[in-house]
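Here is how the chains run, residue by residue.
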Amino acid sequence: MPGPNWNKDHPELNLEVVGLDLNKFMEGWNRDLPLDELHFNDCQWTSCSHACLGIAEQRAREAFDLFGRRLKQSTRANLLVFSHYPTDYFTAKPAFLANLSRADKHVTYFAGHRHNTDQTSTVSTAPNTNWVVGGGGGWSCDGREQGFVVGEVGADSTVRTYSVLVDLDLCCASFKS
């Protein structure tokens with residue numbers, strides 16, 4: 001990406017892509033933590049952890065500002081939005097989840113972090129769609145659904161997404177559930 005938060009208009013597809021740096025939500029898995037206690041814990045491994053935390057906070061504010069602006073200003077039928085963390089990491093930021101769920105703008109949200117490819121481990125953004133797209137083995141396997149997501153934009157501007165899963169033994173031979 002050209003910057004930590006970014007958007008790109010694709011008029012030929014009637015969609016806009018929005019990338020968000022939301023690393024502040026690294027601890028979002030812990031739903032007991034309030035917003036002001038969520039931090040980018042990887043800053044502890046830097047020589048300037050205080051500055052790093054401040055940068056992560058600023059980038060998150062800028063991300064939410066950008067997303068809010070694009071929701072209001074974009075004339076496209078669809079927004080494809082991505083960040084590192086899945087929707088269940090944002091329960092401390094209900095306004096973001098509400099914006100991902102707005103019925104007046106079709107939003108498809110993609111995230112990674114977990115090593116699985118699913119729509120079931122996330123907080124719903126209905127009537128819109130969101131995916132965890134971290135499957136494919138490698139570092140670890142957090143579930144039985146390993147693969148990737150295909151997105152198709154129809155001539156009528158509808159967006160269709162679906163997963164393509166691979167045999168678990170091909171990428172996660174040692175996975176036990």
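Notes on the structure in this doc start here.

Calculation notes
- Throughout this description, residue numbers start from 1 for each chain and increase along the sequence as written.
- A pLDDT threshold of at least 70 governs which residues receive local features in this predicted model, and a stricter bar of 80 or more applies before side-chain atom pairs are shown or counted, although totals over entire chains, interfaces and linings include all residues.
- Excluded from the side-chain calculations are hydrogens and water; all other atoms, namely the structure's heavy atoms, are used.
- A pairing counts as a salt bridge when a side-chain nitrogen of Lys or Arg comes within 4 Å of a carboxyl oxygen of Asp or Glu.
- The numbering of helices and of strands both runs from the N terminus, where a helix is a DSSP run of H or I of at least 4 residues and a strand a run of E of at least 2.
- Burial status follows relative accessibility: with a 1.4 Å probe on protein chains alone, a residue under 20% of its type maximum counts as buried, one over 50% as exposed, and anything between as partly exposed.
- How far a helix is expected to stretch is found by multiplying one less than its residue total by 1.5 Å.
- Should any heavy atoms of two residues lie within 4.5 Å, those residues are considered in contact.
- For Phe, Tyr and Trp, rings pair up if their centres lie within 6.5 Å, where Trp contributes its six-membered ring, and each pair is then called stacked (planes under 30 degrees apart), edge-to-face (over 60) or tilted (otherwise).
- Throughout this description, the term nonpolar core refers to a set of buried Ala, Val, Leu, Ile, Met, Phe, Trp, Tyr and Cys residues connected via side-chain atoms within 4.5 Å.

1. Concerning the pattern of salt bridges
Thought 1: Within the structure shown, the criterion is met by 7 salt bridges.
Thought 2: The partner of Glu16 in a salt bridge is Arg70, with the nearest N and O atoms 2.4 Å apart. Highlighted residues: Glu16 in strand β2 (residues 15-19) and Arg70 in helix α1 (residues 49-73), separated in sequence by 54 residues. By the burial criterion, Glu16 is buried, and Arg70 matches it.
Thought 3: When the shortest N-O distance is used, the salt bridge between Asp104 and Arg102 registers 2.7 Å.
Thought 4: With relative accessibility at 25%, the residue Arg102 sits in the partly exposed group.

2. A word on α1
Thought 1: Along its 25 residues, α1 runs 36 Å from first to last C-alpha, staying within 8% of the 36 Å computed at 1.5 Å per residue.
Thought 2: Three or more residues of α1 are buried, namely Cys52, Ala56, Ala60, Ala63, Phe64, Leu66, Phe67, Gly68, Arg70 and Leu71.
Thought 3: Of the surrounding elements, those touching the buried residues of α1 are β1 (6-10), β2, β3 (78-82), α2 (94-100) and β4 (106-111).

3. A look at the packing of aromatic side chains
Each aromatic ring pair is described using two quantities: the centre-to-centre distance and the angle formed by the ring planes.
Thought 1: All chains considered together, the criterion is met by 7 aromatic pairs.
Thought 2: Taking the centre distance of 5.8 Å and the plane angle of 85° together, the rings of Phe25 and Phe64 count as edge-to-face. Of this pair, Phe25 sits in the loop between β2 and α1 while Phe64 sits in helix α1, placing them 39 residues apart in sequence. Each of the two residues, Phe25 as well as Phe64, counts as buried.
Thought 3: Taken together, a centroid distance of 5.1 Å and an interplanar angle of 25° make the contact between Tyr85 and Tyr89 stacked. Of the two residues, Tyr85 and Tyr89, neither departs from the other in class, the shared state being buried.
Thought 4: Ring pairing ties together the aromatic residues Phe25, Phe64, Phe67, Phe90, Phe96 and Tyr109, which thus form one cluster.

4. Regarding the nonpolar core
Thought 1: Counting 28 residues, the largest nonpolar core has Leu20, Leu22, Phe67, Val81, Phe90 and Phe96 as the members making the most contacts within it.
Thought 2: Contributions of two or more residues to this core are made by α1, β3, α2 and β4.
Thought 3: Element by element, the count of residues in this core is highest for α1, at 8 residues.
Thought 4: Residues in contact with Val81, not counting those within four places in the same chain, are Val18, Leu20, Phe67, Val107, Thr108, Tyr109 and Phe110.

Honestly, it's all geometry; don't read function into it.
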